[in-house]
Protein chains: 4
Amino acid sequence: MTTAGTKRGSILSGALALFAERGFDATTVPMIAASAGVGAGTIYRYFENKEVLGNSLFQEYVGIFTETLRDEFPFDETVRNQFHHIFQSMIRFTIKEVHALYFIKTHSSAHFLDDVSHKCFQDLLDILRTFFDSGKEKKEIKELPSSALIAIVYGAFLELQRLVQIGELQPETKLVEDVEESIWDAVRLHA
Amino acid sequence: MTTAGTKRGSILSGALALFAERGFDATTVPMIAASAGVGAGTIYRYFENKEVLGNSLFQEYVGIFTETLRDEFPFDETVRNQFHHIFQSMIRFTIKEVHALYFIKTHSSAHFLDDVSHKCFQDLLDILRTFFDSGKEKKEIKELPSSALIAIVYGAFLELQRLVQIGELQPETKLVEDVEESIWDAVRLHA
Amino acid sequence: MTTAGTKRGSILSGALALFAERGFDATTVPMIAASAGVGAGTIYRYFENKEVLGNSLFQEYVGIFTETLRDEFPFDETVRNQFHHIFQSMIRFTIKEVHALYFIKTHSSAHFLDDVSHKCFQDLLDILRTFFDSGKEKKEIKELPSSALIAIVYGAFLELQRLVQIGELQPETKLVEDVEESIWDAVRLHA
Amino acid sequence: MTTAGTKRGSILSGALALFAERGFDATTVPMIAASAGVGAGTIYRYFENKEVLGNSLFQEYVGIFTETLRDEFPFDETVRNQFHHIFQSMIRFTIKEVHALYFIKTHSSAHFLDDVSHKCFQDLLDILRTFFDSGKEKKEIKELPSSALIAIVYGAFLELQRLVQIGELQPETKLVEDVEESIWDAVRLHA
DNA sequence: AATGAATGAGAATTCATTCAT
DNA sequence: CATGAATGAATTCTCATTCAT
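Worth saying up front: this structure is predicted, and the values here are computed from it rather than measured.

Draft legend 1. Geometry of the interface of chain A and chain B. Between chain A and chain B, the contact holds 32 residues from the first and 32 residues from the second. Between chain A and chain B lies a buried interface of about 2,500 Å² when both sides are counted; carbon and sulfur atoms form 66% of it. Contributing elements (two or more residues each) for the side of chain A that touches chain B: α6 (100–107), α8 (146–165) and α9 (173–187) of chain A. When residues in the side of chain A that touches chain B are grouped by element, the largest group, 11 residues, is from α8(A). Residue composition of the side of chain A that touches chain B, by class: 16 nonpolar, 6 polar and 10 charged.

Draft legend 2. Quick peek at the protein's contact with DNA strand F. In the vicinity of DNA strand F there are 31 residues, among which B:T42, C:V29, D:T42, D:R45 and D:Y46 approach most closely. In the interface set of DNA strand F, defined as its atoms within 4 Å of the protein, sugar plus phosphate atoms amount to 70%. At 3.2 Å, a backbone N or O of B:G39 approaches a phosphate oxygen of DNA strand F. Within the backbone of C:V29, one N or O atom sits 2.5 Å away from a phosphate oxygen of DNA strand F. Going through the elements one at a time, α2 (29–36) and α3 (40–46) of chain A, α3 (40–46) of chain B, α2 (29–36) and α3 (40–46) of chain C together with α3 (40–46) of chain D are the ones with two or more residues in the surface near DNA strand F. Here the surface near DNA strand F takes 5 residues from α3(B), the largest share from any one element. Among the residues making up the surface near DNA strand F, the classes are represented as 11 nonpolar, 14 polar and 6 charged.

Draft legend 3. Examining the domain arrangement of chain A more closely. Residues and elements named next belong to chain A. Assigned domains of chain A: these are domain 1 (1–47) and domain 2 (50–187). Look at where the C-alpha atoms of domain 1 and domain 2 centre, and you get two points 25 Å apart. Contacts between the two partners involve 16 residues from domain 1 and, on the opposite side, 17 residues from domain 2. In this structure, the connection of domain 1 to domain 2 is made through 0 salt bridges. For the side of domain 1 that touches domain 2, the elements supplying multiple residues, two or more each, are α1 (6–22) and α2. A per-element tally of the side of domain 1 that touches domain 2 places α1 first, with 8 residues. Tallied by class, the residues present in the side of domain 1 that touches domain 2 amount to 12 nonpolar, 2 polar and 2 charged.

Rules used in this analysis
Residues numbered from 1 in each chain as written. Chains lettered and ligands numbered in written order. Predicted model: local features only at pLDDT ≥ 70, side-chain atom pairs only at ≥ 80, totals over all residues. Heavy atoms only, no water. Contact = heavy atoms within 4.5 Å. Buried area = accessible area lost by both parts, 1.4 Å probe. Helix = DSSP H or I, 4+ residues; strand = E, 2+ residues; numbered from the N terminus. Nonpolar A, V, L, I, M, F, W, Y, C, P; charged D, E, K, R; others polar. Near = heavy atom within 4 Å. Polar contact = N/O pair within 3.5 Å; in protein donor to acceptor, adjacent residues only side chain to side chain. Domains from an automatic or database assignment. Salt bridge = Lys/Arg side-chain N within 4 Å of Asp/Glu carboxyl O.

As structure tokens, this is what we get:
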């Protein structure tokens, strides 16, 4: 019966889509208001200013992505299966929130991000770091710095995701599986 | 026949560094002027407006990158060696112009880009596309859409480059070789 | 036959304190609402808008001040005793409503005042004018324009009142008597 | 040959007149710009923001007023002559800068004033304080707290000044002399 | 009647661009 | 040619006022 957060929610959604498409700086507050179907002033009832809105949005979705990765993580399974979980989580997150990953990607070193946002993002990367560290110990992952491994997986995935977004790639099952295998090949230790 | 005017050059350099660091929209014309050591008005002698400057910059560096890739391309060698050339070109370009690749990456779908810029960027991607198409024919590259293969290589490389940029990764010979091998593993067709 | 509604009263009190401290323009309607312990919308049940509230407040307190001066005015006593009554009335009014006199002072030529407010304020000054006119006739008050005499008494008193307000002066009996004598010296005709 | 400060000067003049007439809060930046004959943006070349402009203005004119009082102060003459100097300085300052004194009066406890402004204003009052302290020592001034004496002189003078401003009083020689005598009567120790 | 969330007109401020020097 | 002070359109943000609950 409560609709608490209905407005806040539409503002965040509207901002997400616009920030992903045009970027934070090229998006005006009235644009966000129109996209959320609220008055411009209303945005300031929920967010102190545009930067706070940007940080809230970033933290919100980095948080959801982090949870998605952590959720049901198969700690006891093979490294390959763990990688599959990570890849599938990325896919799932992308399907649930089309713009979120692209927004995170394009704004993860944006000038307006505060310390909390940076911390959130580090937490996200730490999940991948932990996975790679354990994989390297088990001799199943290449002996590269984890930050490099993350960059490869994260960079490749996000660039692919952009292609899906702009319609240049259809995310059919076969393609998704092949891409997963391709990125896995990049990081796995070959015999 | 190039580097026309030392001023034009400093403006482009200044703008490149600033656009890479802060993004096009968060960079003001006076900032560029200060960084180039010229008056704000001088910028308008060389570029009609900020957007034109952005496009010139984009085209300039995408052009250089394209040339770098084309230069001495080993058409008659193995696919692996061709990949090595591409990878080395990326490295060389990055070393020559630290900010250029990151600027290209973060602005390749920017709102201010005109048709010429998009065309330039397509030309760049086409080099990679041609390489992958021929590699797939020779059964040395995975049977994935070329756009996906490009995304993987380009995405991974740029994310790595960012780490080097921010100092989180030292580009020593061993690391660079390992990374090349890793990305090659992602795209090569395994036995 | 007044104090209609406890809410109207709290709104007026809240507004009085805030207008005196911050001024009309720097006081927001939500501030007044909070200070009065009512919702912002409630203010509009009692006052058409902020300007009307400002005028009501001004008229209310100028009216009370006027009454205080008129009340038991010793028409048949000496000019000095009449002056004492005026001075005592100012003191009494100030004690009853600490902020009122300062509010009147700082807003008596405010941009939002309407004709009725200006008229009220003139009525107040007329009491002093009448007193001075009669005092000059009796050769007990200096031969200065009444408006000048009013300015001296009113100006000096209000500036003193401000000192009491901000705690820089303690309104002890001796001081009050001395100040009265000082201001009386300013206007009385010396032998 | 330098016109350095021409714009800055017109902005300050324009702002002074408007702040005196309408008050700081009821004056908009475009109003100031129009009154100074410059573009709105120009104001921000000279003053960081509206508050800084307000403080600069306050400090500027309080400073001039302070200098006017200090200039040729007759330290070795009678207390009465010193009072005459003070009164004449106030008159001179008022004639030179019609709006300045009223602006100072109405904004000396304004919400936007910073510490420097408060300090400036204290310096101004300290001149009067020093005069009264020395006068009391010489038994020529009433034994009232100096702050109270200042309030009487300052309050009376400013209220009179307002009457001149709005045209209700003509500042003829005779009137000015009489008013000086009246205010002197308020503070001098009577035999 | 009372509320306070929502609104949008209007204020402060920024910055791409022009132009007199 | 080069400059940077000046501009005003565009942007962020505030707050008096309304109105559904």
